[in-house]
Amino acid sequence: MTAAPQDFSLPPGCAPKIRALHDYWRSIHPEAGLPGRQHFDPVDVPDLLPNIWMVDVTREPLRFRFRLVGTAIVKFTERDATGQWLDAVYPDYWNSDAAAYHRACALDGTPAYRKSHATPPSGGSEGDVESLTLPLAGNGRDVDILLNMTLYPEDPVMEMER
């Protein structure tokens, strides 16, 4: 079962970049099924790329691997985890809210928005983080990539858009 784009809406007041990615995902959504990586063209969303990260979905067992990590994500987390498994980078990953959202998105095609709290690994300014997870399915049915956007506190691009 996959979510139709009209079945998911963002809360009022979410960050403009979050809304822009969601609107783009809806615009590439085919009439039947989910959009796939073949529909997503980074050239269409250049201003969003620093905050985008993509995750490959593997099954049996269900596991997630960083496919691409945007520069704003690398800066905040102080590492480029491209190619690594999420549960290797974050040892308590499977007990996190993020894992629950990723699992639902991968298994049901259910997009997810969340607002949480974060502190950079080396300290610094903590604050609210906004995240969006959207399903991509090469065959229109089976989610094989999670398209994510995360906006961190004091992200200068995030601040300019508010």
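Before any of the text, the structure's been laid out above.
Quick caveat, the model's predicted, so the values are computed rather than measured. (Residues numbered from 1 in each chain as written. Predicted model: local features only at pLDDT ≥ 70, side-chain atom pairs only at ≥ 80, totals over all residues. Heavy atoms only, no water.)

Trainee: Can you help me understand the environment of V57 in this one?
Mentor: Its location among the elements puts V57 in strand β1 (residues 52–58). On the accessibility criterion, V57 (11% relative accessible area) is buried. Separated by 50 residues in sequence, V57 and L107 have C-alpha atoms that sit 9.7 Å apart. When residues no more than four places from it in sequence are discounted, the contact partners of V57 are L62, R63, F64, A106, V143, D144, I145 and L146. (Helix = DSSP H or I, 4+ residues; strand = E, 2+ residues; numbered from the N terminus. Buried < 20%, exposed > 50% of the residue type's maximum accessible area, 1.4 Å probe, protein only. Contact = heavy atoms within 4.5 Å.)

Trainee: Would you mind showing me how to read unusual backbone geometry here?
Mentor: Keep in mind that most residues, glycine aside, have a negative phi and that most peptide bonds are trans. Cis geometry is found at the peptide bond from E60 to P61, where omega equals 0°. One non-glycine residue with positive phi stands out, namely E60, at about 55°. Here E60 lies in the loop between β1 and β2 (63–69). Non-glycine residue E78 carries a positive phi angle of around 65°.

Trainee: How do you make sense of the packing of aromatic side chains when you look at a structure like this?
Mentor: Here a ring pair, both rings aromatic, is described through the centre-centre distance and the interplanar angle of the planes. By the definition in use, this model includes 6 aromatic pairs. Their ring planes at 45° and their centres at 5.7 Å tell us that W53 and F66 sit as a pair that is tilted. Highlighted residues: W53 in strand β1 and F66 in strand β2, separated in sequence by 13 residues. Summarising the burial analysis for this pair, W53 and F66 share the class buried. Ring geometry for F76 and Y152: centres 3.8 Å apart, planes at 10°, overall stacked. Remark: Y152 occurs in the loop between β5 (145–151) and α5 (156–161) and F76 occurs in helix α2 (residues 71–77); sequence separation between them is 76 residues. Cluster of aromatic residues (ring-pair linked, three or more members): F64, Y93 and W94. Over the ring of W85 we find R63; its NZ or CZ atom is 4.1 Å from the centre of that ring. (Phe/Tyr/Trp six-rings, centres within 6.5 Å; stacked < 30°, edge-to-face > 60°. Lys NZ or Arg CZ within 6 Å of the ring centre and 35° of its normal.)

Trainee: Would you explain the side chain of D87 in this entry?
Mentor: With respect to the helices, strands and loops of the structure, D87 is situated in helix α3 (residues 86–89). At a separation of 3.0 Å, a polar atom in the side chain of D87 contacts the side chain of R63. Setting aside anything within four residues of it in sequence, one finds D87 in contact with R63, Y93 and W94. (Polar contact = N/O pair within 3.5 Å; in protein donor to acceptor, adjacent residues only side chain to side chain.)

Worth remembering: the numbers are spatial, not functional.
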